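Letter by letter, the chains look like this.
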Amino acid sequence: MEALPCAWREFLGGELDSAGFDATLERVAAERAAGLQVFPPEGQLFTALRLTPPEAVRVVLLGQDPYHDDGQAEGLAFSVAPGVKFPPSLRNIFKEYASDLGREIPLSGSLRNWAANGVLLLNSVLSVRAHEAGSHRKFGWERFTDSVIRSLNRRAEPVVFLLWGNFAIAKRPLIDESRHRVFENVHPSPLSAHRGFFGSRPFSQAEQALDGWKWPEL
């Protein structure tokens, strides 16, 4: 529990108990203790929540689960550390980002500048066993991320939710769309990006919905 940033512990309050948060953390810790490789590394599990405190959230970019190959996941949905080759999903995100906003494709795959400027880069599931996509989907993470969405939904200040992929789209009923804006789409992976992600202009739509907010440069 102590690994979760204090601001988020206070913001979520009783939601943590109903989400079975401790039990989820225990299951992840048990895999690590058994010698299994789990991504992201232990100290990076809550990077997204550490870099974007609840009062700073303007956009929630919600994905599925972390990258499961070596050296990729760093606790931010879709982001990789500088110098790491772009995974296919991130490459497609950058193509749409450049096309939508008229910018160059970034040289680095790190999205930390987005996180520092109010974009909560959250996965629906926050951990994964190495090389086994979806392996922690029954660990209870979905209930925890549901609690994050519900708590942000209760805020008076509007939030834009970008829901990419079925696991993210499943959270749409938790959002009051009379106060917040939701833009859903297929996941930007090569398997689905050509079925509506390209050309969807999610970045400019978020800017317009927030009236004056701008995506920071990467």
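Residues numbered from 1 in each chain as written. Predicted model: local features only at pLDDT ≥ 70, side-chain atom pairs only at ≥ 80, totals over all residues. Heavy atoms only, no water.

Trainee: Which parts of the structure should I look at to understand the overall build of the protein?
Mentor: Looking only at helices and strands, the protein has nine helices and six strands in total. Computed over the C-alpha atoms, the radius of gyration of the protein is 16 Å, within 12% of the 17 Å expected from 2.2 N^0.38 for a compact globule of 218 residues. In the protein, which comprises 218 residues, the share counted as buried stands at 56%. The long-range fraction of contacts in the protein, counting pairs at least 24 apart against all pairs at least 6 apart in sequence, stands at 68%. A total of about 9,700 Å² of accessible surface is found on the protein, and carbon and sulfur atoms cover 51% of it. Charge centroids of the protein, computed over 24 positive and 26 negative side chains, lie 4 Å from each other. (Helix = DSSP H or I, 4+ residues; strand = E, 2+ residues; numbered from the N terminus. Rg over C-alpha atoms; globule rule 2.2 N^0.38 Å. Buried < 20%, exposed > 50% of the residue type's maximum accessible area, 1.4 Å probe, protein only. Contact = heavy atoms within 4.5 Å. Areas by Shrake-Rupley, 256 points an atom, 1.4 Å probe, with all protein chains shown as cover. Lys, Arg positive; Asp, Glu negative; His and termini not counted. Charge placed at Lys NZ, Arg CZ, Asp CG, Glu CD.)

Trainee: Could you clarify how one ought to interpret helix α3 (residues 21-33) in this entry?
Mentor: The end-to-end C-alpha separation of α3 is 18 Å, in line with the 18 Å expected for 13 residues at 1.5 Å each. Looking at α3, one finds that the buried residues are Phe21, Thr24, Leu25, Val28 and Glu31. Across the axial projection of α3, the buried residues extend over an arc of 120°, all falling on one side. Opposite its buried face, α3 presents the exposed residues Glu26 and Ala33, each directed more than 90 degrees away. In this fold, the buried residues of α3 make contact with α2 (15-18), β1 (38-39), β4 (128-129) and α7 (141-153). Positive backbone phi, approximately 90°, marks Gly35, located one or two places after α3. (Expected span 1.5 Å × (residues − 1). Arc of directions from axis to C-beta.)

Trainee: How should I be thinking about the UniProt feature "active site" (unreviewed entry) in the protein in this particular structure?
Mentor: As recorded in UniProt, the feature "active site" (unreviewed entry) lies at Asp65. Positionally, Asp65 belongs in the loop between β2 (59-63) and α5 (88-101). With sequence-adjacent residues up to four places away left out, Asp65 is seen in contact with Asn123, Val125, Val128, Ala133, Gly134 and Arg137. Here the side chain of Asp65 touches Gly134 through a polar contact of 2.8 Å, landing on its backbone nitrogen. (UniProt positions renumbered as here; feature names shortened; annotations may be inferred. Polar contact = N/O pair within 3.5 Å; in protein donor to acceptor, adjacent residues only side chain to side chain.)

Trainee: Help me understand the UniProt feature "domain: Uracil-DNA glycosylase-like" (unreviewed entry) in the protein in this model?
Mentor: Feature annotation in UniProt places "domain: Uracil-DNA glycosylase-like" (unreviewed entry) on residues 50-210, given in this structure's numbering. Between the first and last C-alpha atoms of residues 50-210 the distance is 23 Å; the span itself is 29% helix and 14% strand.

Trainee: What exactly am I supposed to notice about the packing of aromatic side chains here?
Mentor: When we look at a pair of aromatic rings, we describe it by the centre distance and by the angle of the planes. Counted under the stated rule, the structure contains 19 aromatic pairs. Ring centres of Phe21 and Trp141 lie 6.5 Å apart, and the angle between their planes is 65°; on these two criteria the pair is classed as edge-to-face. Within this pair, whereas Phe21 is found in helix α3, its partner Trp141 is found in helix α7, the two being separated by 120 residues in sequence. For the residue pair Phe21 and Trp141, the accessibility class agrees, reading buried in each case. Ring pairs connect the aromatic residues Phe78, Phe86, Phe94, Tyr97, Trp114, Trp164, Phe197, Phe198, Phe203, Trp213 and Trp215, which therefore count as one cluster. (Phe/Tyr/Trp six-rings, centres within 6.5 Å; stacked < 30°, edge-to-face > 60°.)

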